[in-house]
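Now for the letters of each chain:
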Amino acid sequence: MLVKLLKGDPLEEQSLAERGTENLLLYAPEAGGCQAGSRFLEDTKVIRKSAKEQLRRPSRLRFVDNGIMTTPAGENVVPQNCTVALLGFGTVGSSVARILCERSNPHLRLTHILNRNVARKKVDWLPSSVQWTENIDDILSSSTDIVVEVIGGLQPTEEWIRRALQSGKSVVTANKQLIARSGAELLALARQMKQQIQFGASVAGGVPVISGLQEGLAGDDLFRISGILNGTCNYILSQIESHGIPFATALREAQKLGFAEADPTEDIDGLDARAKLAILARVGLHCQVNPESIVACSISAIDSIDFDYARQLGCTIRQISRAELKKTSNGNELFVAVQPALVDLASPLARVEGSQNLVVATGTYGGETVFGGHGAGGHPTAVAVVSDILAIANFKQRAQFEKPDVAPALEKTCAVTADFATRHYLRFSVKDRPGIIASLATILSHSGINIDSVLQKPDCPKSHLPFLITLEECKASLVEKALQQINTLDFMVQACLHLPIL
Ligand SMILES: NC(=O)c1ccc[n+]([C@@H]2O[C@H](COP(=O)([O-])OP(=O)(O)OC[C@H]3O[C@@H](n4cnc5c(N)ncnc54)[C@H](OP(=O)(O)O)[C@@H]3O)[C@@H](O)[C@H]2O)c1
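Residues numbered from 1 in each chain as written. Predicted model: local features only at pLDDT ≥ 70, side-chain atom pairs only at ≥ 80, totals over all residues.

1. Topic: the sheet that holds strand 10 (residues 197–198)
Then, number 1: Ordered in space as 7-6-5-8-9-10, the six strands form an open sheet in which the pairing is parallel. The open sheet has two edge strands with one neighbour each: strand 7 (131–133) and strand 10.
Then, number 2: Pairing of strand 5 (residues 82–87) with strand 6 (residues 108–114) involves six bridges; the strand directions are parallel. Across the sheet, the residue bridging to Cys-82 is Leu-108, located in strand 6. (Pairing = 2+ DSSP bridges. Helix = DSSP H or I, 4+ residues; strand = E, 2+ residues; numbered from the N terminus.)

The structure is reproduced here in C-alpha cells:
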C-alpha cells in the first residue's frame, strides 16, 4: 500500500504508527519552528516496511495540538523570528517566495530578493517590505538569518555562500553541481561558523531523499543506493518505449515541451545524474567521491528495438544511477556508475514514468526503502527548499535549549570503480552473412565469458540486422575488453550497444 507523504506532525505520525499501519510513508523532518498541523505533498511517496519498527527518535522539543512548542518540562517556547534572503528569482526562487508568502508564518519573514537586472523581476504579490537588490553586500551586512541560494552554477554562488556562512548566516541551496564538488568544504565551514547548510533540493527536487537518508535512515548501515535521478532522460526513454519513436524524435519532443534544455548534454550524457549520485554517496554511504570520477554513459544509443528485446527478457530500460559500497580485504570499494540499464519489470525503478524520480536505499538492517515523486519543477523543488528553511529555523529554536548535535558521520576512504559484476545485454547491428554468431562466440569464450541467450527479431533488413546476445554474470571490464576486438570485425555496422542487466 502506498500512502502519501505526511509531513510535519509528529503526533499524527506517532498515532498512525501505533495503529500498526503497514507500509506507512514515514519521513517527517522536524516540524518548522512555528508551524502547526500536517499537510500532504501530492504525488510523493515513501514506502516503508513497518511504521512501528521505524519511527524516528522524537525531538526533545514537542508540538502540541495548538501548534505551540513545549520543552520536555512542558513549558511553552516562544518562537523566535527567522528572516530569509533569496538569491535568484527564477523558476525555483519565485516558487519559494510564493510558498513563503502564501503559507504565511508570522515567525518566518522574507526580507531580501537578489537577482541581476532586478527591476524586471519585481512582482506585486510580495509584501512591500521585501527589499529587491542586485548587491550581495546588502544581504551580507543585514541581520538576515538564512540565505537561500537558487541561482545555480559554480560562481559567484560558491563565493556568496562562503561569505554568507562567514557572516554568521545559515544557508539553503538547491545547487547540485556546487554541493557535489564543494559540499564537504562548505559543510566544514558551516560547522566552523556554528551555522547550518542544507541542500535537500539538490537531489530529486521535491523528493525528501537527502533528509530521509540523513535522518530517517541514520539508524541503518546503508550499503547501496540506486535510482532514477534525471527526469529528462526518464521522459525520453519512456517516450521511446511507449511510442516506438527514435531517440532524436523523443529528444525533440522533450525540448518542445520544456522537459529538455536546448543543449541537453548534461542530462543525456549522465553528467547531471552523476553530480546527484556523488551527493547521495556522501550523505547515504559516507563516501567522498568526486563527480568527475564517476563513469557516466549516454542514453543516446538506445533505440526502440532495444525496448522490444528488453520486454522479451521481462525488462525495460532506464537511466540508472547506482552506488554500492563493498568491504574487501583491501578496504572499502565504491562501485558507482550512471548508465542506461535493463531493469526487471517488477522493480520499482521500472515503474517510474515521465519526469518522476525514484531512489532505492538498501541497508543491512532495514532492507530496501523507496523514495519517489516529482524530481523537478518550481513548486516541488521549492517545497524541499522551504522544508530546509523550516529545519534550520527549528534547529535555531532548539539550539537555545539544547546543545546542538552537529557531529558529522565519519567519511570512509573508498577506492572508486565502475566494474560492477552483472548480467549483460549486447545488441549488435551487422551485415548478415553465415558464421557471425560463431565468430562472436569464439571471442567471448576466449575472454572467459558465457553466453546466456541469443535473440533475433524476424523480418529485419539483412544490411543492418539487429540481434541480441545476453551474457551470464561477469565483470563489465571483461565484456568491454572483448567488445574492443568485436567492434573491429568487418560485419559490424555500428559499435555494439552494451548495457548491464540489473
Ligand atoms: N528548476 C528545477 O526544477 C530544479 C530542480 C532541482 C534543483 N534546481 C536547482 O535550483 C537552482 C535554480 O534553478 P532554476 O531552475 O530556478 O534556475 P533559473 O530559473 O534559471 O533561475 C535562476 C535565477 O538566478 C538569476 N541569476 C543567474 N545568475 C545570476 C547572477 N550571477 N547574479 C544574480 N542573479 C543571477 C537568474 O536571473 P535571469 O533571469 O537574469 O537569468 C534567474 O532569475 C539551480 O541550482 C538548479 O540546479 C532546479
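2. Considering unusual backbone geometry
Then, number 1: For the bond from Gln-155 to Pro-156, the omega torsion is 5 degrees, close enough to zero to count as cis.
Then, number 2: Structurally, Pro-156 is set in the loop between strand 8 (146–149) and helix 5 (157–166).
Then, number 3: Backbone geometry at Asn-117 places phi at a positive 40 degrees, although glycine is not the residue there.
Then, number 4: Positive phi, close to 60 degrees, is recorded for Ala-204, a residue that is not glycine.
Then, number 5: Along the chain, Ala-204 falls in the loop between strand 10 and helix 7 (209–216).

3. Brief notes about the site of the ligand
Then, number 1: What surrounds the ligand is a group of 21 residues, the closest being Gly-88, Gly-90, Gly-152, Ala-174 and Ala-376.
Then, number 2: For the shell around the ligand, the leading source of residues is helix 3 (residues 91–102), giving three residues.
Then, number 3: Class assignment of the residues belonging to the shell around the ligand gives a composition of eight nonpolar, 11 polar and two charged. (Near = placed C-beta within 6 Å. Nonpolar A, V, L, I, M, F, W, Y, C, P; charged D, E, K, R; others polar.)

4. Things to note about the nonpolar core
Then, number 1: Grouped together as the largest cluster of nonpolar side chains are 123 residues, with contacts concentrated most on Leu-86, Val-148, Ala-281, Val-385 and Ile-389.
Then, number 2: The greatest single-element share of this core, amounting to 10 residues, is contributed by helix 13 (residues 378–399).
Then, number 3: Beyond its immediate sequence surroundings of up to four residues, Ile-389 is in contact with Val-84, Leu-108, Ile-146, Val-148 and Val-172. (Core = buried A, V, L, I, M, F, W, Y, C linked by C-beta atoms within 7 Å. Buried ≥ 20, exposed ≤ 12 C-beta atoms within 10 Å, placed from the backbone. Contact = placed C-beta atoms within 7 Å.)

5. Some details on the pairing of strand 15 (residues 356–363)
Then, number 1: Bridge count between strand 11 (residues 222–228) and strand 15: six bridges; the pairing is antiparallel. Note on strand 15: the bridge partner recorded for Gly-227 is Val-359.
Then, number 2: Hairpin remark: strand 15 followed by strand 16 (residues 367–374), antiparallel, with three residues in the connecting loop.

6. Quick word on the packing of helix 14 (residues 436–446) against helix 15 (residues 476–486)
Then, number 1: Axis separation between helix 14 and helix 15 bottoms out at 9 Å; the angle between their running directions is 140 degrees. Taken together, the axes of helix 14 and helix 15 lie oblique to each other. Our pair here, helix 14 against helix 15, has a crossing hand that is right-handed. Facing Leu-440, Ile-443 and Leu-444 of helix 14, the residues of helix 15 in contact are Ala-482, Gln-485 and Ile-486.
Then, number 2: The class makeup of the residues in the contact of helix 14 with helix 15 is five nonpolar, one polar and no charged. (Axes fitted to C-alpha atoms, helices over the stretch in contact; angles between N-to-C directions. Parallel < 35°, antiparallel > 145°, perpendicular 65-115°, else oblique. Left-handed = near helix turned anticlockwise from the far one by under 90°.)

7. Concerning helix 15
Quick reminder: α-helices carry 3.6 residues per turn. Residues three or four places apart thus point the same way.
Then, number 1: Restricting attention to buried positions, one finds in helix 15 the residues Ala-476, Val-479, Ala-482 and Ile-486. Viewed along the axis of helix 15, the buried residues span an arc of 125 degrees, placing them on a single side of the element. Exposed residues on helix 15 whose side chains face more than 90 degrees from its buried face are Gln-484 and Gln-485. (Arc of directions from axis to C-beta.)

8. Comments concerning the confidence of the model for the protein
Then, number 1: Per-residue pLDDT for the protein has a mean of 85; in total, 82% of the residues score no lower than 70.
Then, number 2: pLDDT under 50 marks residues 1–68. Its contacts with residues more than four places away, or in other chains, come to 139 contacts. (pLDDT = per-residue confidence, 0-100.)

9. Focus: the packing of helix 5 against helix 6 (residues 176–192)
Then, number 1: Contact geometry for helix 5 and helix 6: axes closest at 11 Å, N-to-C directions at 15 degrees. By the criterion of interaxial angle, the relationship of helix 5 to helix 6 is roughly parallel. Handedness of the helix 5/helix 6 crossing: right-handed. Contacts between helix 5 and helix 6 involve Thr-157, Glu-158, Ile-161, Arg-162 and Leu-165 on the former and, on the latter, Leu-178, Ser-182, Leu-186, Leu-189 and Ala-190.

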